[in-house]
Amino acid sequence: QVQLVESGGGVVQTGGSLRLSCTVSGRSFSSWTMAWFRQAPGGDRTFVAAIDSTADNKYYFDAVKGRFTISRDNAKNTLYLQMNGLQSEDTAVYYCNRVAGPFGSSWSPFDYWGQGTRVTVSS
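Residues numbered from 1 in each chain as written. Predicted model: local features only at pLDDT ≥ 70, side-chain atom pairs only at ≥ 80, totals over all residues. Heavy atoms only, no water.

Undergrad: I'd love a proper account of the pairing of strand 8 (residues 78-83), names of residues and values included.
TA: In regular strands, side chains alternate between the two faces of the sheet. Strand 8 sits mainly inside the fold: five of its six residues count as buried. Relative to strand 8, strand 3 (residues 18-25) runs antiparallel, the two being bridged by six bridges. Bridge pairing in strand 8 links serine 21 to tyrosine 80. In sequence, strand 7 (residues 68-73) turns back onto strand 8 through a hairpin of four residues, with asparagine 77 there showing a positive phi of about 55°. (Buried < 20%, exposed > 50% of the residue type's maximum accessible area, 1.4 Å probe, protein only. Helix = DSSP H or I, 4+ residues; strand = E, 2+ residues; numbered from the N terminus. Pairing = 2+ DSSP bridges.)

Written out as structure tokens, the structure is:
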């Protein structure tokens with residue numbers, strides 16, 4: 001019933017910016033902690049950033065701190081990731097999901113995933 005649709009990816013030069021969106025349908029996500037994950041070519045899906053239901057708390061993977069900003073619009077059931085100063089290492093497919101946590105520095109995503117949106121950073 002819950003559907004996650006990511007959008008906003010594309011091809012950018014090193015140092016460029018993108019704003020990703022994740023729209024949730026089927027259920028309201030206003031009470032959910034939400035997160036972004038990414039999967040680089042040939043790599044595992046890893047945590048990028050999270051935001052609690054009220055947007056009072058935000059968490060980031062160290063490598064993206066100061067460059068990425070997570071936000072949400074509960075009225076629109078939409079999650080965002082503003083990405084600035086993009087680097088080649090940021091190339092990946094980006095996914096959103098509901099999460100439980102933090103458990104220390106880790107997160108537990110729920111079982112449903114969208115198709116993701118691809119970000120390619122070129123030199």
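Undergrad: Could you give an account of the nonpolar core, naming the residues involved and the relevant values?
TA: Within the largest apolar cluster, 25 residues are counted, with the highest numbers of intra-cluster contacts made by Trp36, Val48, Phe68, Leu79, Leu81, Met83 and Tyr94. Contributions of two or more residues to this core are made by strand 3, strand 4 (33-39), strand 5 (45-51), strand 7, strand 8, strand 9 (92-103) and strand 11 (117-122). The greatest single-element share of this core, amounting to four residues, is contributed by strand 3. Once you skip the residues sitting within four places of it in the chain, methionine 83 turns out to touch Gly16, Ser17, Leu18, Leu20, Arg67, Phe68, Tyr94 and Val119. (Core = buried A, V, L, I, M, F, W, Y, C linked by side-chain atoms within 4.5 Å. Contact = heavy atoms within 4.5 Å.)

Undergrad: An account of the pattern of salt bridges is requested, with residue identities and associated values reported.
TA: Summed over all chains, the structure comprises three salt bridges. Where aspartate 90 meets arginine 38, a salt bridge forms, and the shortest distance between an N and an O atom there is 2.9 Å. Of the two residues, aspartate 90 is situated in the loop between strand 8 and strand 9 and arginine 38 in strand 4; the sequence distance between them amounts to 52 residues. Taken individually, aspartate 90 and arginine 38 each receive the classification buried, so the pair is uniform in this respect. Aspartate 90 is the salt-bridge partner of arginine 67, the closest N and O atoms lying 2.7 Å from each other. Here arginine 67, found in the loop between strand 6 (58-60) and strand 7, pairs with aspartate 90, found in the loop between strand 8 and strand 9; they are 23 residues apart in sequence, far enough to count as distant. Here the two residues arginine 67 and aspartate 90 agree in accessibility, since each one is buried. It is possible to trace a salt-bridge network through shared partners that takes in Arg38, Arg67 and Asp90. (Salt bridge = Lys/Arg side-chain N within 4 Å of Asp/Glu carboxyl O.)

Undergrad: Tell me about the sheet that holds strand 3, residues and numbers included.
TA: In space, the four strands of this open sheet follow the order 1-3-8-7, with antiparallel pairing throughout. Here the strands that pair on one side only, and so sit at the sheet edges, are strand 1 (3-7) and strand 7. When strand polarity is set aside, the average angle formed by the axes of neighbouring strands in this sheet is 15°. As paired strands, strand 7 and strand 8 are joined by six bridges and run antiparallel to one another. When the bridges of strand 8 are listed, serine 71 appears paired with tyrosine 80. (Axes fitted to C-alpha atoms, helices over the stretch in contact; angles between N-to-C directions.)

Undergrad: How would you summarise the pairing of strand 10 (residues 106-109) if you had to cite specific residues and measurements?
TA: Bridge count between strand 9 and strand 10: three bridges; the pairing is antiparallel. Paired with valine 99 across the strands is proline 109, a residue of strand 10.

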